[in-house]
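Inside the fold
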Protein chains: 4
Amino acid sequence: MTLNIGIIGLGFMGSDHVKRVAQRINGAKLAGVCDLKKDLAEKYAKEYGAKVFDNGIDLIDSPDIDAIMVVTRPHETHEQFVIHAIEVGKFVFCEKPLTLTAAGCQKIIDAEVKGGKRLVQVGFMRRYDPGYMEMKKEIDANEYGEPLLIHATHRNVSVDETYDTSMSIIETAIHEADVLHWLLGEDYESGTTFLPKKQTKYTHSKLHDPQIITLDTKSGVHIDLEVFVNDQIGYDINCEVVCEDGIVRLGTPSVTSVKTNTLKNQTKIPVDCTERFKTAYDNELQHWVNDVQQNKVTGPSSWDGLVAMVTCDALAKSRDNNAERVAIKLPDNKPAIYEDKVTQNA
Amino acid sequence: MTLNIGIIGLGFMGSDHVKRVAQRINGAKLAGVCDLKKDLAEKYAKEYGAKVFDNGIDLIDSPDIDAIMVVTRPHETHEQFVIHAIEVGKFVFCEKPLTLTAAGCQKIIDAEVKGGKRLVQVGFMRRYDPGYMEMKKEIDANEYGEPLLIHATHRNVSVDETYDTSMSIIETAIHEADVLHWLLGEDYESGTTFLPKKQTKYTHSKLHDPQIITLDTKSGVHIDLEVFVNDQIGYDINCEVVCEDGIVRLGTPSVTSVKTNTLKNQTKIPVDCTERFKTAYDNELQHWVNDVQQNKVTGPSSWDGLVAMVTCDALAKSRDNNAERVAIKLPDNKPAIYEDKVTQNA
Amino acid sequence: MTLNIGIIGLGFMGSDHVKRVAQRINGAKLAGVCDLKKDLAEKYAKEYGAKVFDNGIDLIDSPDIDAIMVVTRPHETHEQFVIHAIEVGKFVFCEKPLTLTAAGCQKIIDAEVKGGKRLVQVGFMRRYDPGYMEMKKEIDANEYGEPLLIHATHRNVSVDETYDTSMSIIETAIHEADVLHWLLGEDYESGTTFLPKKQTKYTHSKLHDPQIITLDTKSGVHIDLEVFVNDQIGYDINCEVVCEDGIVRLGTPSVTSVKTNTLKNQTKIPVDCTERFKTAYDNELQHWVNDVQQNKVTGPSSWDGLVAMVTCDALAKSRDNNAERVAIKLPDNKPAIYEDKVTQNA
Amino acid sequence: MTLNIGIIGLGFMGSDHVKRVAQRINGAKLAGVCDLKKDLAEKYAKEYGAKVFDNGIDLIDSPDIDAIMVVTRPHETHEQFVIHAIEVGKFVFCEKPLTLTAAGCQKIIDAEVKGGKRLVQVGFMRRYDPGYMEMKKEIDANEYGEPLLIHATHRNVSVDETYDTSMSIIETAIHEADVLHWLLGEDYESGTTFLPKKQTKYTHSKLHDPQIITLDTKSGVHIDLEVFVNDQIGYDINCEVVCEDGIVRLGTPSVTSVKTNTLKNQTKIPVDCTERFKTAYDNELQHWVNDVQQNKVTGPSSWDGLVAMVTCDALAKSRDNNAERVAIKLPDNKPAIYEDKVTQNA
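Reading guide: rules and limits
Residues numbered from 1 in each chain as written. Chains lettered and ligands numbered in written order. Predicted model: local features only at pLDDT ≥ 70, side-chain atom pairs only at ≥ 80, totals over all residues. Heavy atoms only, no water. UniProt positions renumbered as here; feature names shortened; annotations may be inferred. Least-squares fit on C-alpha atoms with pLDDT ≥ 70 in both. Contact = heavy atoms within 4.5 Å. pLDDT = per-residue confidence, 0-100. Buried area = accessible area lost by both parts, 1.4 Å probe. Salt bridge = Lys/Arg side-chain N within 4 Å of Asp/Glu carboxyl O. Pairing = 2+ DSSP bridges. Helix = DSSP H or I, 4+ residues; strand = E, 2+ residues; numbered from the N terminus. Expected span 1.5 Å × (residues − 1). Buried < 20%, exposed > 50% of the residue type's maximum accessible area, 1.4 Å probe, protein only. Domains from an automatic or database assignment. Polar contact = N/O pair within 3.5 Å; in protein donor to acceptor, adjacent residues only side chain to side chain. Nonpolar A, V, L, I, M, F, W, Y, C, P; charged D, E, K, R; others polar. Phe/Tyr/Trp six-rings, centres within 6.5 Å; stacked < 30°, edge-to-face > 60°. Lys NZ or Arg CZ within 6 Å of the ring centre and 35° of its normal. Axes fitted to C-alpha atoms, helices over the stretch in contact; angles between N-to-C directions. Parallel < 35°, antiparallel > 145°, perpendicular 65-115°, else oblique. Left-handed = near helix turned anticlockwise from the far one by under 90°.

As annotated in an unreviewed UniProt entry, chain A is Inositol 2-dehydrogenase from Companilactobacillus ginsenosidimutans. Under the UniProt heading Sequence similarities (unreviewed entry), the entry covering chain A gives this text: "Belongs to the Gfo/Idh/MocA family."

Listed below in structure tokens is the structure:
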């Protein structure tokens with residue numbers, strides 16, 4: 001049975017999901033769209049035979065919509081839509097960050113727990129990237145011994161004036177905050193954020209760029225992460241896990257290479273996240289749709305959303321306190337509905 | 001509207017297509033299956049809610065089936081099913097080779113022309129591989145000047161006793177016979193097949209392995225192709241296009257790399273075509289389904305199937321005549337229905 | 001005119017230098033050798049027509065010896081030989097570390113300054129590695145804008161029980177302490193050494209392995225360095241300089257690659273420093289011999305030896321104080337004889 | 001004892017050898033130089049303290065010269081100098097091609113045999129390249145089973161109007177003619193040269209570019225070689241040996257890589273042979289000097305020079321006869337002085 005999906009928010013990521021749901025996902029149909037920009041909603045509705053809704057609440061309430069994707073900006077707006085979807089008992093996929101505060105995440109968790117079952121999946125798509133999945137499989141199988149260190153970079157071509165120092169954590173490093181502890185299968189103990197004195201000339205007065213983050217896990221794995229959002233060279237994601245018997249690294253798959261008349265042998269660097277993680281986004285959505293058709297959801301949960309937010313809060317506190325080491329403390333009582341083992345199908 | 005697809009033939013490739021249609025393609029539903037191995041058909045039918053048909057003709061005739069995929073072996077059996085589908089006016093996707101003779105291809109073409117419109121797509125999936133597509137885009141845009149030479153290899157881990165000398169061309173090199181002239185946008189002039197004296201110890205008495213093929217195009221581009229089907233090292237597809245101002249090469253995307261305790265830095269080689277060309281197969285089917293839903297088909301045609309077969313026939317003749325250069329002559333009258341420009345969406 | 005070289009110390013590095021001087025360096029002759037292991041000295045003396053000396057002082061004093069190489073272990077023994085060579089006015093090449101204390105370096109500097117000219121070169125061979133040299137050339141030319149960050153690793157297959165926690169800095173990280181500030185053309189401001197909780201099972205009770213070091217330069221470039229001396233996978237040296245307009249990385253040159261029957265494409269990782277930096281060691285010695293024949297020395301100086309030692313002392317202090325940031329303070333009065341611009345010829 | 005070397009011919013390669021002998025080779029001294037361009041000879045003589053000779057014969061005859069390097073152009077002039085050196089009993093290194101005809105090579109062989117010992121080494125430097133040496137070591141050790149095929153390219157940035165169609169073989173492919181049979185340890189059976197219809201726009205009327213060569217060995221290994229001397233992209237040497245259990249490939253060592261602000265990850269391609277094979281040329285000369293100091297020569301011989309020439313003659317005949325397969329027939333009687341096993345020290 002085809003799943004009728006409604007998408008709230010049609011910006012950069014929302015538009016990308018529109019095409020994904022309408023054209024690439026098995027068992028899904030783009031049934032409804034909604035955006036403050038009415039003409040954009042009407043354009044997609046016409047193109048893919050979907051219905052336009054005046055607002056997100058109407059879309060969620062509509063009997064024509066089986067499941068909801070929340071892709072709104074600013075991210076503060078996620079919370080109301082996710083909670084409303086939970087209240088009417090519909091499955092809801094929410095782009096990261098789930099909310100902008102740990103308190104907000106907790107409210108969503110409370111609503112979900114009250115309903116007695118998981119309804120929310122958070123858009124941490126890297127867990128569905130073939131590279132990270134292969135690394136996790138090898139780490140879980142202990143193929144190269146215990147992980148000891150991780151070196152990671154999260155680099156982005158450029159950002160505009162609305163992107164400030166805080167967003168390097170909350171918008172960007174949040175992906176590693178999620179994917180690295182998932183990769184290792186354990187929680188963080190503490191973190192630091194260091195602002196190097198020297199910055200790129202391409203940044204602006206409200207953005208300290210680059211930034212250096214460290215995370216230490218409960219078992220003692222040490223992680224360093226470069227966040228550099230004006231690198232000029234591409235969307236350059238790297239992750240190297242140093243284990244006792246081997247070093248596993250994420251690749252940057254390149255489908256062709258070229259030798260050019262400048263004495264260079266070249267491969268391409270992706271321009272943005274939708275190019276670099278196209279397969280991951282597709283896998284993520286397909287997995288979610290397959291799950292929902294079986295009346296369940298097993299991907300990244302509200303709890304994962306909370307873990308990422310608590311981690312980001314600690315990193316922000318460290319940044320504001322001269323890079324001091326800040327403990328990362330999760331709530332003690334992890335609700336039982338989040339205890340199911342997370343598994344992804346490739 | 002969801003397309004109800006029936007698959008005839010559930011072997012290695014047929015089973016792969018079953019999962020693709022049932023789980024990964026947007027707008028498609030696995031509606032019917034059919035195989036001489038009844039229990040296999042029943043297994044898939046149960047798993048995906050499809051109907052089992054006693055034979056391919058019944059499946060094609062069924063009102064529950066909108067479009068057909070022919071994946072039967074031996075390949076001689078393709079012809080009857082494809083022609084029957086044409087006769088009842090249904091779209092049909094046929095795995096390569098379309099048939100085993102040029103005469104067979106011509107019969108299919110005649111049937112299709114009689115019906116007045118294209119109904120057939122042949123499974124030359126490489127045209128949908130991101131690497132080949134990127135190369136074609138660059139060549140079409142003349143980014144690196146005129147192509148002069150192509151070096152290609154088609155390597156396979158191993159084959160069994162049923163695979164003989166002729167199959168290196170008809171089963172294996174046929175992919176390059178199709179994709180390379182498509183890449184260059186022109187027809188072949190001639191070809192040769194050379195059987196080197198030295199063979200691998202892993203072959204058997206009925207298979208000369210490896211083999212060396214050359215193809216020259218109308219404009220004079222020279223191609224060499226190694227076909228080696230017992231290479232032991234993986235499914236290793238390479239294609240290097242030497243142009244006047246640059247050399248463009250197909251990559252072997254690797255999602256991770258590992259440094260191991262044998263002083264080695266390693267990337268993986270795919271084990272078979274379904275691993276190497278997973279994205280290509282998915283793109284191919286999605287493109288076909290999207291087309292059929294719009295009552296058309298624009299992928300590789302019966303004519304392309306004929307071109308590949310005529311090319312293979314010339315290469316076989318060369319092989320049997322001491323590697324002499326053999327002309328590759330296509331029929332003069334290319335029917336008008338095949339003149340539409342072939343385009344793929346990524 | 002051929003330079004008669006005497007080598008004191010014939011261990012792992014000393015033996016490597018014996019072959020270099022005797023077989024690969026233009027204008028040099030192995031004239032004398034000396035080691036506590038008399039038979040080893042006699043073996044090399046016989047093999048290359050050199051003279052055996054009973055002790056280093058005799059070798060230095062001999063009229064048959066034009067220039068001296070000090071390669072003794074333990075490193076405490078360097079100081080006496082270097083100072084004696086200075087006192088008799090002969091050029092002396094000393095393997096790193098120059099001495100084990102800043103005070104020792106200062107004594108050598110004082111002796112050299114007293115003599116009024118440079119006589120000492122320290123064995124920081126990486127400055128002569130084609131990779132580092134190419135990077136420095138590009139950075140000096142500002143090809144990719146200002147450097148902002150450096151990520152480095154210094155990995156080694158394994159160490160024995162005599163190698164303890166302190167040696168990760170003084171024996172290993174000392175190479176980066178020298179080469180990275182040379183690469184950037186500026187001094188360090190501060191450093192930290194962090195001991196991650198999780199260690200490799202291949203270490204022993206007296207060695208904390210791996211360790212994480214950071215260095216910040218005067219201008220604010222931030223450096224992180226992994227020191228891991230039981231990595232099992234090879235001698236794996238990496239250095240990535242993140243600049244404003246590009247990211248420059250040191251390669252691990254591999255002269256061949258192999259696709260093997262384990263579905264792997266492999267390149268080799270060097271087993272130790274003499275394999276990885278063979279060309280660098282050769283360049284270094286050739287450059288030194290060429291210089292000495294012109295009655296001068298322009299490679300890494302006693303001052304560079306002091307800078308490295310002061311840096312190591314700060315890193316050790318940080319390690320012993322819970323990874324606190326420790327200032328790196330060089331003596332104010334850099335003697336004039338060290339002001340000459342250091343240049344290497346490839 | 002230092003070897004006094006005289007160099008005849010100070011063009012592109014001669015000048016390169018001048019610097020090598022004077023600055024990088026152990027045990028050698030640049031003692032004499034000679035060139036039609038007198039001022040060039042005087043320049044080098046002054047720079048390195050060598051003597052200028054009026055002509056090659058005087059240089060060879062001089063008691064100040066122990067051993068001779070013949071690097072003259074045009075290559076026809078090699079023969080007289082090499083034979084004169086043999087006649088006066090001095091060791092002589094001659095750049096490839098030894099002469100331009102098989103008859104010329106035979107004359108040199110006759111003179112050498114008459115003298116009763118090897119005095120000549122031919123400049124096939126690739127045998128001293130670390131990459132080819134590693135491949136040969138692995139092939140000799142049968143690490144990957146029997147070799148079956150070789151794919152090679154010999155690409156060059158550009159050539160001028162004096163370089164014509166014949167030189168693609170005699171100047172360029174001659175390197176592979178030598179190194180590939182050495183790599184495999186066996187002689188050739190036959191060869192072909194094919195001139196593809198399509199040529200690069202960068203060629204001129206007297207040069208057919210690119211050209212495709214094949215060689216088959218006695219045991220049946222099949223080789224294809226692209227010779228492309230106006231590739232625009234660099235000096236791009238590739239060699240892939242397909243064996244039964246693995247595929248071994250020559251690398252293009254790159255000491256750094258760069259990610260640039262054009263979304264590219266780049267490594268460098270060497271600009272010419274002296275950059276690509278710098279280490280090979282150095283090894284070759286050092287090996288020759290070491291040998292000569294021991295009154296012998298073990299590198300590529302006059303016989304190897306003859307083998308290369310006979311191979312080139314067959315390839316030229318094939319080229320002039322529509323790419324027909326031409327047998328490669330070596331003289332039956334290989335003189336005993338050439339039977340010594342060729343070995344190189346790294």
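Back to the text.
Points about the relation of the copies chain A and chain B
With an RMSD of 0.0 Å, chain A superimposes on chain B once it is rotated by 180° and translated 0.0 Å along the axis. A rotation of that kind, with that shift, is consistent with a two-fold axis. For chain A, the smallest separation between a C-alpha atom and the rotation axis is recorded for Asn26 of chain A, amounting to 2.0 Å. Residue by residue, 100% of the interface of chain A is reproduced at the interface of chain B, so both copies engage with the same surface.

Comments concerning the confidence of the model for chain A
All names here are of chain A. The predicted model of chain A has a mean per-residue pLDDT of 96, with 98% of residues at 70 or higher. Across residues 342-346 the pLDDT falls below 50, and counting only partners more than four positions away or on other chains, this stretch makes 12 contacts in the model. This complex was scored by the predictor with a pTM of 0.96 and an ipTM of 0.95.

Section: the interface of chain A and chain B
Taken together, the contact between chain A and chain B spans 33 residues of the former and 33 residues of the latter. Both faces considered, chain A and chain B share a buried interface measuring about 2,700 Å² in area, 42% of it formed by carbon and sulfur atoms. Three residues, Asn26, Arg249 and Val255 of chain A, lead the burial of chain A against chain B; their summed loss comes to 23% of the area buried on that side. Between the two partners, chain A and chain B, sit four salt bridges. Note that Glu138 of chain B is salt-bridged to Lys268 of chain A, the shortest N-O span being 3.0 Å.

Focus: the sheet that holds strand E2 (residues 28-34) of chain D
Within a sheet, adjacent strands bond to each other through the backbone by hydrogen bonds, running parallel or antiparallel. Residue and element names in this part refer to chain D. In space, the six strands of this open sheet follow the order E3-E2-E1-E4-E5-E6, with parallel pairing throughout. The open sheet has two edge strands, strand E3 (51-52) and strand E6 (120-122), and neither has a second partner. As judged from the four bridges shared by strand E4 (residues 67-70) and strand E5 (residues 91-94), these two strands associate in the parallel manner. Bridge pairing links Val70 to Cys94 in E5.

Topic: helix H1 (residues 12-23) of chain C
Residues and elements named next belong to chain C. Along its 12 residues, H1 runs 17 Å from first to last C-alpha, staying within 8% of the 16 Å computed at 1.5 Å per residue. Along H1, nine of the 12 residues are buried, which leaves the element largely enclosed by surrounding structure. Every buried residue of H1 is listed here: Met13, Gly14, Ser15, Asp16, His17, Val18, Arg20, Val21 and Ala22.

Quick notes on the UniProt feature "domain: Gfo/Idh/MocA-like oxidoreductase N-terminal" (unreviewed entry) in chain A
Mapped onto this structure's residue numbering, the UniProt feature "domain: Gfo/Idh/MocA-like oxidoreductase N-terminal" (unreviewed entry) falls at residues 3-124 of chain A. Structurally, residues 3-124 of chain A is divided into 43% helix and 21% strand, and its ends, taken at the C-alpha atoms, are 21 Å apart.

Focus: the domain arrangement of chain A
Residue and element names in this part refer to chain A. Under the domain assignment, chain A is made up of domain 1 (3-125 + 279-300) and domain 2 (127-275 + 307-327). Taken over C-alpha atoms, the centre of domain 1 sits 27 Å from the centre of domain 2. Summed over both sides, the interface between domain 1 and domain 2 buries roughly 1,600 Å², with carbon and sulfur atoms accounting for 65% of that surface. Together, Lys96, Phe124 and Met125 form the three largest contributors to the area buried by domain 1 at its contact with domain 2, with a combined 33%. Counting every contact that joins domain 1 to domain 2 gives two salt bridges. A salt bridge links Glu171 to Arg73; the nearest nitrogen and oxygen atoms lie 3.4 Å apart. Taken together, domain 1 and domain 2 are joined by nine residue pairs in polar contact (both at pLDDT 80 or more). Elements that contribute at least two residues to the side of domain 1 that touches domain 2 include exactly helix H1 (12-23), helix H5 (102-115) and helix H9 (278-293). Partitioning the side of domain 1 that touches domain 2 into residue classes produces 11 nonpolar, nine polar and four charged.

Points about the UniProt feature "domain: Gfo/Idh/MocA-like oxidoreductase C-terminal" (unreviewed entry) in chain A
Mapped onto this structure's residue numbering, the UniProt feature "domain: Gfo/Idh/MocA-like oxidoreductase C-terminal" (unreviewed entry) falls at residues 136-326 of chain A. For the annotated span residues 136-326 of chain A, helix accounts for 32% and strand for 28% of the residues, and the straight-line distance between the end C-alpha atoms is 27 Å.

A look at the packing of aromatic side chains
How two aromatic rings sit relative to each other is given by the distance of their centres and the angle of their planes. Residues and elements named next belong to chain B. For the coordinates displayed, the defined rule picks out 12 aromatic pairs over all chains. On the numbers, 6.2 Å between centres and 85° between planes, the contact of Tyr235 with Phe277 is edge-to-face. One end of the pair, Tyr235, is in the loop between strand E10 (222-228) and strand E11 (236-243); the other, Phe277, is in the loop between helix H8 (273-276) and helix H9 (278-293), with 42 residues separating them in the sequence. Both residues of the pair, Tyr235 and Phe277, belong to the buried class. Lys136 extends its terminal NZ or CZ atom over the ring of Trp182, reaching a point 5.2 Å from the ring centre.

A look at the relation of the copies chain D and chain B
Both copies of the chain are tied together by a single rotation about an axis and a shift running along it. Rotating chain D by 180° and moving it 0.0 Å along the rotation axis overlays it on chain B with an RMSD of 0.0 Å. Take the interface residues of chain D: 97% of them recur as interface residues in chain B, which is what a same-surface contact looks like.

With respect to the packing of helix H5 (residues 102-115) of chain D against helix H10 (residues 302-320) of chain D
When two helices pack together, their arrangement is given by the angle between their axes and by how far apart the axes lie. Residue and element names in this part refer to chain D. For the pair H5 and H10, the least separation of the axes is 9 Å and the interaxial angle reads 165°. Relative to H10, the element H5 lies roughly antiparallel. Every pair of crossing elements has a handedness; the one defined by H5 and H10 is left-handed. Together, Ala102, Cys105, Gln106, Ile108, Ile109 and Glu112 of H5 and Ser302, Trp303, Gly305, Leu306, Met309, Val310 and Asp313 of H10 make up the contact between the two elements. In the contact of H5 with H10, the residues fall into eight nonpolar, three polar and two charged.

Focus: the sheet that holds strand E3 (residues 51-52) of chain C
Residue and element names in this part refer to chain C. Across the sheet, six strands lie side by side as E3-E2-E1-E4-E5-E6; this open sheet has parallel pairing. Two strands close off the open sheet at either side, each with one partner strand: E3 and strand E6 (120-122). One ladder, built from three bridges, connects strand E5 (residues 91-94) with E6; its direction is parallel. Paired with Cys94 across the strands is Val122, a residue of E6. Across the sheet, helix H9 (residues 278-293) touches strand E1 (3-8), strand E2 (28-34), strand E4 (67-70), E5 and E6, and the angle it forms with E5 is around 165°.

Examining helix H5 (residues 102-115) of chain B
For H5 of chain B, built from 14 residues, the straight-helix expectation of 20 Å at 1.5 Å per residue is met to within 8% by its first-to-last C-alpha distance of 20 Å. Those residues of H5 of chain B hidden inside the fold are in contact with helix H4 (78-87), strand E6 (120-122) and helix H10 (302-320) of chain B.

Side note on the interface of chain D and chain B
Taken together, the contact between chain D and chain B spans 37 residues of the former and 36 residues of the latter. For the pairing of chain D and chain B, the buried interface totals around 3,000 Å² over both sides, and the portion due to carbon and sulfur atoms is 58%. Among the residues chain D hides against chain B, the three largest losses belong to Leu148, Lys198 and Glu244 of chain D. Together they make up 22% of the total. On the surface where chain D and chain B come into contact, there are six salt bridges.

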